[in-house]
Structure formats: structure tokens, C-alpha cells
Amino acid sequence: MIDLIGLFSLRRRSIAVRLAVSAFLSSSAILLIAAWILTTLYRENTERSFDSRLLVFANNLATDLVSPNDPESRTFSLGDPRFDLPLSGWYWQVGKPDAKPRDVRTSRSLVGVPLPAATDSDGKAGIGQIRQGYGKGQDGRLLRIMERDVDLGEEGRYTVRVAGPADEIVNDVDRFRNSLTITFGLLGLSLAITTLLQIRFGLAPLKKMRAALGAVRRGEADRITGTYPRDIAPLTGEVNLLIETNREILERARTQVGNLAHALKTPLSIIVNEVGASDAPEELTHKIREQAAVMRDQVNYHLDRARAAALAGTLGTSTEVEPALAGLVRTFGKIYRDKDIAYDVHVPPGLRFRGERQDFEEMVGNLVDNASKWAHGRVAIRAEAVDKDDYPHLVVAIEDDGPGLPPEARQAVLGRGRRLDESKPGSGLGLSIVADLAALYRGRFTLEEGALGGLRAVLEVPGDLPVGTATH
């Protein structure tokens, strides 16, 4: 039964792995089939060679049998001492097919026990003058047997039967198989090394292209550069065109966002100024100014989200995490100096966020601010890069030693403007802003129970490490 799970996982492997596995399977199948064919041919050739030797002995016995001597005085001699050694595996016998054992002439090596008849491979006795097959001797040894019929006219028909040990055939074939295994093993190893070198050489342009795309993603280049084979050169051109088109679309989006901001802020400012200069009642003036301020805040909020949404997909925009976090820690250390909070920061050098610095500082700043408000005296900040879906992600975890939140309240606190404690300063938008920005960057934001006893906020967004740094 086909392993569908294994087949599906192979489809998700890299091209190099797919090529290596397919080359291994095809080469192994070819070598195994070739080894089986060569071994079969060699066995047949060895059997024919062994049968030729037995046939020579059988013909010598037949020659002695047809000599004009008296049947009782005929002598049979093959000149080979192996036929004289008891149970040597080399035997002969001459006699009529229906003769009794005492009327059958045998070699001394046979020790008086008749040889079994030769049978063909299908197990049926052959019909004709020459037949060969396998049988077992009296000691259980496998024998290769050959026999032929000799018609002496009035004396009747005689059967000449010669046998030799089949061990010689088996051992010869085993030696050939061992030699073939070593030879094909070395050949397979050579093919594997050659295939790996070919794959490495053939996929080198793709590796180069991947490095170039990584440089664009990290902001180190604005397009794919370099010379590529004509097979993938059109692909690099299309990707460069896509990058340029994406950049133009985002630039237009920025322009539209700016135009919208000016188009809305200017009428609001005019409305506020006109109300202040009019003779309208104080209560009405205050109400209009209050609502205008709310409208201005909402416009700023949604314009910031629109700007972040446009920039979230920008290729080449990245922010180094370590200096951004260091600046935030210094700022909030001064804001909450009265609480004397100890900030424990762990950030690998060179870790980057794939996005605008302003967005990163707004997300992490809200989390550090929230942790500092509730902490008794310690805030831990840890950032790392992880591989998720074969793509690097930045994970920032911020936790405090404050009172924390029960599980049922963690989801509620993410609601826009929802505050669980009115005694703490702020509008309550901080965590919802973090969640919105994380979603814009196709990331996620969760609240968990921290190891320090308080709340642990985990922010996961697109990230990167410098080239040559491993992720986990």
C-alpha cells in the first residue's frame, strides 16, 4: 500500500530533496534490476558450463557401454579420483531403467545407493536422450544430475546417469553476487555523489536568487540584481517588475492617505475656529469643540491604521529591534522612575522587524507601558526569531510581576477602549491598537500567564535575522 502521508510530505520538500530522493529511487531500482538480470544470466551460464562437464563424463560412460565386450565384463573408468571417494558428491551409475539395484553398475563414491532420476525445472521427467536437473543425494546434499539413454539393440535400453555437487554452482553464483554487490554499491555511491554535485550546481542560481530576494526583504537592496541563466532570468524580471509595481501602489496609497488627512483636518479646524468666533451659546460651542476633538482623534487613529496597512506589505522596509527596544526602555524608565522598575531585556544582535519603526515602537511601546503600569518592580522583555511555515517571524514577549489577569478577562481587555481598572491612567486603546497593528502585519497578539506571576503579552510579527544566523 502506498504511503500517502510520506508522498504528501515529499511534495512539500525542497526541490533539492525531491531531486535527490527521485534520483536515489530510480538509480536503486535500475541497479537492483540490473543485478537481478546479471545474476540470473550468470547462474544460467554457470549451469551450462557445469552441465558440459557432466556431459563429457556421461559420454565417456556411454562409450564404454557400447564397447563390444561381454556385458558382464565391461569396465567403466572416468579417470577422475573424485568418483572413487565415498560420498564425494561426484557419482555415476549405469543400468537398465527397470533393473534391480544389484544389477546397476555405480561408482565407488555412491556407496551402493542409486542416484535419483534427473528432473526438469517443472518437476517432470524429461523425454529424450539427454536430461538434466537437480536432486538430493543420500547425505541430503543437493546434486546436479545429468542422464542419457543408450540403446544397445538386443540388450535393451540403458540409462547413463552422472551427478556432481550443486554447491559448486551455488558458491560460484554467490561469489559473483558478492562481487556484483560491491561493484554496484561503489557505482551507486559514485552516482549519489555525482547527483548531489549536479543538484548543487544546477540549483545554485535559485539559491542566489533566494539570497537576492532576502536582501530586498531586509531592505539591503531595492531589486534583484545579478546574472541568471535564461531559464530563470524571466522570473527575476517579473519579480523585479512586481516589486516596482508594489512600490508604486504603496506610494500612491501614502499620497492618498496624506491628502485625506489634510482634506479632513482643515474643515475641522475651520469649524472649531468659526464656532469660537460666533455668538453661539457656550454650551453649544463646548459641545462642538468636544465632538470635533473626538472626530480629529478618530481621523488620526484610522489614518494611522491606513498608513500602517499600506506600509505592512512594503518590501525592503525593516527596523532593527535592539536599538528600538533600548530607546523604549530608556523612555519608560524615566516615566516610571518613581516605581524603580528593573527592565530585563534579552534581544539577539541584528534581529529585525519587517516593517516601519513607528509601528514597531507603537506596538511594543503600548505593551511596555501597560506592563510598567501594573508591575511591582520588574518587567522582562525577550525577543527572538522563529521559523514558522518556513518563514522567519519575530516574537516579542513582555511580562511583569504585577497582579496579572484571569483567563476570562484577557480577551475582554483587547476590546477597543475597554479598561478593567479606572484607577490607572490611559484611554484603554493601547492593547486594541497592538492587536490591530499585529493583524495588519499578518501577525498575532496574545495574552498569557507570565512566569513572573503577572501578565505575559506575546507579539508575533514578520521578522528577520542577519544572513548566516540560524533560527529555531
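Residues numbered from 1 in each chain as written. Predicted model: local features only at pLDDT ≥ 70, side-chain atom pairs only at ≥ 80, totals over all residues. Heavy atoms only, no water.

Colleague: When you look at the overall build of the protein chain in this model, what are you seeing that I'm missing?
Modeller: What the protein chain contains, in helices and strands, is ten helices and twelve strands. Split into buried and exposed, the 472 residues of the protein chain put 36% on the buried side. Across the protein chain, the fraction of contacts at a sequence separation of at least 24, relative to all contacts at a separation of at least 6, is 65%. (Helix = DSSP H or I, 4+ residues; strand = E, 2+ residues; numbered from the N terminus. Buried < 20%, exposed > 50% of the residue type's maximum accessible area, 1.4 Å probe, protein only. Contact = heavy atoms within 4.5 Å.)

Colleague: I'm lost on empty space enclosed by the protein in this one. Help?
Modeller: A full pass over the atoms with the stated rule returns one cavity of 30 Å³ or more. Considered as a void within the structure, the largest cavity measures approximately 60 Å³ in volume. Along its surface, the largest cavity is lined by Leu-367, Asn-370, Ala-371, Ile-398, Asp-400, Leu-431, Leu-447, Leu-455, Arg-456 and Ala-457. Within the lining of the largest cavity, the residues separate by chemical class into seven nonpolar, one polar and two charged. (1 Å grid on protein atoms, 1.4 Å probe; cavity = no way out; pocket = protein on both sides within 12 Å on 5 of 7 lines; lining within 4 Å. Points joined across faces, edges and corners; volume = space filled by probe spheres on them. Nonpolar A, V, L, I, M, F, W, Y, C, P; charged D, E, K, R; others polar.)

Colleague: Help me understand helix α7 (residues 321–335) in this model?
Modeller: Between the first and last C-alpha of α7 there are 21 Å, a value that for 15 residues agrees with the 21 Å anticipated at 1.5 Å per step. Those residues of α7 that fall on the buried side of the exposure criterion are Val-321, Ala-324, Leu-325, Gly-327, Leu-328, Val-329 and Phe-332. (Expected span 1.5 Å × (residues − 1).)

Colleague: For this particular structure, what's the right way to read the packing of aromatic side chains?
Modeller: The description of two aromatic rings rests on the distance between their centres and on the angle between their planes. This model, assessed by the stated rule, comprises seven aromatic pairs. The ring of Trp-90 is capped by Arg-82, whose NZ or CZ atom sits 4.2 Å from the centre of that ring. The ring of Tyr-134 has Arg-144 lying over it, and the distance from NZ or CZ to the ring centre is 4.7 Å. (Phe/Tyr/Trp six-rings, centres within 6.5 Å; stacked < 30°, edge-to-face > 60°. Lys NZ or Arg CZ within 6 Å of the ring centre and 35° of its normal.)

Colleague: What should I look at first to understand the sheet that holds strand β3 (residues 130–136) in this one?
Modeller: The strands that make up a sheet pair up through hydrogen bonds in the backbone, lying either parallel or antiparallel. The five strands lie next to each other as β2-β1-β5-β4-β3, forming an open sheet whose pairing is antiparallel. Whereas interior strands pair on both sides, the edge strands pair on one side only; in this sheet they are β2 (105–106) and β3. Where strand β4 (residues 142–151) and strand β5 (residues 157–165) come together, nine bridges link them in antiparallel fashion. When the bridges of β5 are listed, Glu-147 appears paired with Arg-161. (Pairing = 2+ DSSP bridges.)

Colleague: Before we go on, may I ask you to explain the side chain of Asp-369 in this structure?
Modeller: In this structure, Asp-369 sits in helix α8 (residues 357–374). Beyond its immediate chain neighbours, meaning those up to four positions away, Asp-369 contacts Phe-332 and Tyr-336.

Colleague: Can you walk me through the side chain of Glu-47 in this structure?
Modeller: When you line up the elements, Glu-47 lands in helix α2 (residues 15–65). Exposure remark for Glu-47: the relative accessible area of 16% places this residue in the buried category. Those residues in contact with Glu-47 that lie beyond four places of it in its chain are Tyr-134, Arg-144 and Ile-169.

Colleague: What should I look at first to understand the nonpolar core in this one?
Modeller: Soluble globular proteins tend to pack their nonpolar side chains together in the buried interior. In terms of nonpolar packing, the biggest core is built from 38 residues, with Val-321, Leu-325, Phe-360, Leu-394, Ile-398, Phe-445 and Leu-459 touching the most fellow members. Elements with a minimum of two residues in this core: α7, α8, β9 (378–388), β10 (391–400), α10 (430–440), β11 (444–449) and β12 (455–464). Beyond its immediate chain neighbours, meaning those up to four positions away, Val-321 contacts Val-347, Leu-351, Arg-352, Phe-353, Phe-360, Ala-383 and Leu-394. Ala-62, Phe-83, Trp-92 and Met-146 belong to the second largest nonpolar core, which has 21 residues in total. (Core = buried A, V, L, I, M, F, W, Y, C linked by side-chain atoms within 4.5 Å.)

Colleague: I'm lost on unusual backbone geometry in this one. Help?
Modeller: Leave glycine aside and you will find that most residues have negative phi; peptide bonds, for their part, are mostly trans. Of note, the phi angle at Leu-87 is positive, near 55°, even though the residue is not glycine. Relative to the helices and strands, Leu-87 resides in the loop between α2 and β1 (91–95). In this structure, Asp-340 is a non-glycine residue whose phi angle is positive, near 50°. Turning to its location among the elements, Asp-340 is positioned in the loop between α7 and β7 (342–346). By relative accessible area, Asp-340 is classed as exposed at 63%.

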